[in-house]
Amino acid sequence: GTIQDHKLYEELLVFIKDNNLTERVRFFFEQTQEQVAKIVQESDINFSVSNWETFGRGIFEGISCGLPTFVFSKLIGVSQICNGNRGVCFVNTPEEMATEIERVIKSPEIYFQMSNSLKELANTVSFEKERERLIDVLLNRRL
């Protein structure tokens, strides 16, 4: 997607540089499905600093591959679909997100618990389930 908060993005770039993380952090914007699949296979965690999502493609790609996922609590649709799954961490601020990511990457036990929890959720975010939900909403006109 696009950068939604330029100030936050600039702060993140400075943080990455100041902490010698340039070689370990990559940003991906618009990607094809094949590119997304390759990126996810090479990733350890999945996080989104997005303030709003239409379908949350990047978020759900990571979830379906078992990557512990970190997103903002304001993404109500993502929260509803995840339905309390322990593999997805919802936070309120960028600082809280950084703290939670650090907590998870420092603990292999927590990391694997989150990853395993996402296996339950993978079926929920499958193409087939999303199609069923969309048809149900359209036929019943529920919002």
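Note that residues are indexed from 1 along each chain, following the sequence as it is written. This being a predicted model, a pLDDT of at least 70 is required before a residue's local features are given, and a value of 80 or more before pairs of side-chain atoms are given or counted; all residues contribute to the totals for chains, interfaces and linings. Calculated side-chain values reflect all of the structure's heavy atoms, with hydrogen atoms and water omitted.

Caption draft 1: Representation of the overall build of the protein within the structure. We count a stretch as a helix when DSSP gives it H or I for four or more residues in a row; a strand needs E for two or more, and each element gets its number in order from the N terminus. A count of helices and strands for the protein gives 7 helices and 3 strands. Each helix and strand of the protein, placed in order from N terminus to C terminus, yields the pattern α-α-β-α-β-α-β-α-α-α. Against the 2.2 N^0.38 benchmark of 15 Å for 143 residues, the protein shows a C-alpha radius of gyration of 16 Å, consistent with a compact globule. Dimensions of the protein, computed from C-alpha atoms along their principal axes, come out at roughly 55 × 35 × 30 Å. Burial classification: accessible surface area is computed with a 1.4 Å probe over protein chains only, and a residue below 20% of its type maximum counts as buried, one above 50% as exposed, and the rest as partly exposed. Taking all 143 residues of the protein together, the buried fraction comes to 29%. For the protein, the computed accessible surface area is about 10200 Å², with 54% contributed by carbon and sulfur atoms. Of the charged side chains in the protein, 16 are positive and 21 negative; the average position of the first set lies 4 Å away from that of the second. Between the two quantities, the radius of gyration covers C-alpha atoms and the globule rule is 2.2 Å times the number of residues to the power 0.38. Using a 1.4 Å probe, the Shrake-Rupley method yields the accessible areas, and only the shown protein chains count as cover for residues. Charged residues are defined narrowly, with Lys and Arg counted positive, Asp and Glu counted negative, and His plus the chain ends left uncounted. In this description, the location of a charge corresponds to atom NZ of lysine, CZ of arginine, CG of aspartate or CD of glutamate.

Caption draft 2: How the structure looks around the confidence of the model for the protein. Considering every residue of the protein, the mean pLDDT works out to 86; 92% of them sit at 70 or more. Here helix H7 (residues 127-140) stands out as the least confident element of the protein, with mean pLDDT 78; strand S3 (residues 88-91) is the most confident, with 96. Known as pLDDT, the predictor's per-residue confidence is scaled from 0 to 100.

Caption draft 3: Quick peek at the pairing of S3. Relative to S3, strand S2 (residues 69-72) runs parallel, the two being bridged by 4 bridges. Looking at the pairing, Phe72 lines up with Val91 of S3. Crossover S2 to S3 through helix H4 (residues 76-82) is right-handed. Two strands are counted as paired when DSSP detects at least two bridges linking them. If the strands point away from the viewer and the path from the first strand over the helix to the second runs clockwise, then the crossover is right-handed.

Caption draft 4: Representation of the environment of Asn51 within the structure. With respect to the helices and strands, the residue Asn51 is situated in the loop between strand S1 (46-47) and helix H3 (57-64). Take Asn51: its relative accessible area is 29%, and that puts it in the partly exposed class. When the C-alpha atoms of Asn51 and Glu120 are compared, they prove to be 26 Å apart, with 69 residues separating the residues in sequence. If we skip the residues at most four places from it in the chain, Asn51 touches Gln4, Asp5, Phe72, Lys74 and Leu75. Residue contacts are defined here by distance: any two heavy atoms, one from each residue, within 4.5 Å place the two residues in contact.

Caption draft 5: Examining the state of the cysteines more closely. Any two cysteine sulfur atoms within 2.5 Å of one another count as a disulfide. Considering all chains together, one arrives at 0 disulfides under this definition. Distance from the sulfur of Cys65, which forms no disulfide, to the nearest cysteine sulfur (Cys82) is 14 Å.

Caption draft 6: Layout of the nonpolar core. Here, nonpolar core refers to any group of buried Ala, Val, Leu, Ile, Met, Phe, Trp, Tyr and Cys residues whose side-chain atoms link them within 4.5 Å. Of all hydrophobic cores here, the largest spans 12 residues; its members are Val36, Val40, Leu67, Phe70, Phe72, Cys89, Val91, Met97, Ile101, Val104, Tyr111 and Met114. Those elements giving two or more residues to this core turn out to be helix H2 (33-41), S2, S3, helix H5 (94-105) and helix H6 (108-122). The dominant element in this core, judged by the number of residues it contributes, is H5, at 3 residues. Every residue in contact with Tyr111, bar those within four places of it in the chain, is listed here: Asp44, Ile45, Leu67, Pro68 and Val104.

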